[in-house]
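Structure at a glance
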Amino acid sequence: MASRVGLIGTIGCLIVMVALLNGASAETYNVGGDMDWSEPPLGEISYRSWAARNAFEIGDVIVFKWNGTHNVAEVTKENYDSCTDTAIGTVQTANPTNFTLTSNATRYFICTISNHCERGQKVTIGIGSDFWSSASSLKYGVLSAVLSTIAISFLTFF
């Protein structure tokens, strides 16, 4: 009986450690990938597709780097949708410019030069691997916790 309790305790500790380590490493993302921060040839879909291929997490860094005349401004969703250049804070002109994702809030970025935003130079950064799908990461976290609890209960009673 004591060895079973020890085993269950060990399994429980391992589950907690894996959960903590899963979100412990920050990644750095170059916005647009090989395209960098530029007027995309296919319009807004270029950055939307790039963002959807990535799983941004709190602590990650997104890097805007460009050639030519560009900048980057963080804006509200309304200003993103309408390409209004009223930034939240300062319009960044330093190349490259880094932003650290510090919360699970969705963030919106545009280029305020000329008509670059209207031509698709804008990106939405959402937190979580399933941001672009209809399922929420909370559902997966709850499911994982429930399955872990069932597994531990099963080991305890059998």
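Positions within a chain are numbered from 1, following the residues in the order the chain's sequence is written. Given that the model is predicted, a residue must reach a pLDDT of at least 70 before its local features are reported, and side-chain atom pairs must reach 80 or more before they are shown or counted; all residues, however, enter totals for whole chains, interfaces and linings. Hydrogens and waters are ignored; side-chain quantities use all the structure's heavy atoms.

For every residue, the pLDDT score states the predictor's confidence, bounded by 0 at the bottom and 100 at the top. For the protein chain, the average pLDDT comes to 80, and 66% of its residues sit at 70 or higher. Ignoring residues within four places in sequence, the model shows residues 16–21, a span with pLDDT below 50, making zero contacts including any to other chains. Across residues 134–140, confidence stays below pLDDT 50; counting only partners more than four residues off in sequence or on other chains, it has six contacts. We call two residues in contact whenever any of their non-hydrogen atoms come within 4.5 Å of each other.

A few words now on the sheet that holds strand β5 (residues 107–110). Two strands pair under a simple rule: DSSP has to find at least two bridges between them. Where helices and strands are cited, they refer to DSSP runs of H or I of at least four residues and of E of at least two residues respectively, numbered from the N terminus. The antiparallel open sheet is built from three strands, whose spatial order is β3-β5-β6. Every interior strand has two partners, whereas the edge strands, β3 (73–75) and β6 (122–125), have only one. Between one strand axis and the next, the sheet turns by 30 degrees as a mean value, whatever way the strands run. Fitting a line to C-alpha atoms yields each axis, with helices limited to the stretch in contact; the angle taken between N-to-C directions then spans 0 to 180 degrees.

With mixed pairing, the three strands of this open sheet are ordered in space as β1-β2-β4. Since the sheet does not close on itself, it has two edges, and those belong to β1 (28–30) and β4 (97–100), each with one partner. The mean angle between the axes of side-by-side strands here comes to 25 degrees, regardless of whether they run parallel or antiparallel. With three bridges connecting them, β1 and strand β2 (residues 61–64) associate as parallel partners. Within β2, the position partnered with Thr 28 by the bridge is Val 61.

Time to look at the state of the cysteines. Only a pair of cysteine sulfur atoms within 2.5 Å qualifies as a disulfide here. Throughout the structure, instances matching the rule amount to one disulfide. The side chain of Cys 83 participates in a disulfide bridge whose partner is Cys 117; the two sulfur atoms lie 2.1 Å from each other. Disulfide Cys 83 to Cys 117: torsion about the S-S bond roughly -75 degrees, handedness left-handed. With a gap of 34 residues between them, Cys 83 in the loop between α3 (77–82) and β4 and Cys 117 in the loop between β5 and β6 connect regions that are remote in the sequence. Taken as a pair, Cys 83 and Cys 117 share a single burial class, namely buried. Whether a residue is buried, partly exposed or exposed follows from its accessible area with a 1.4 Å probe, protein chains only, as a fraction of its type maximum: under 20%, in between, or over 50%, in that order.

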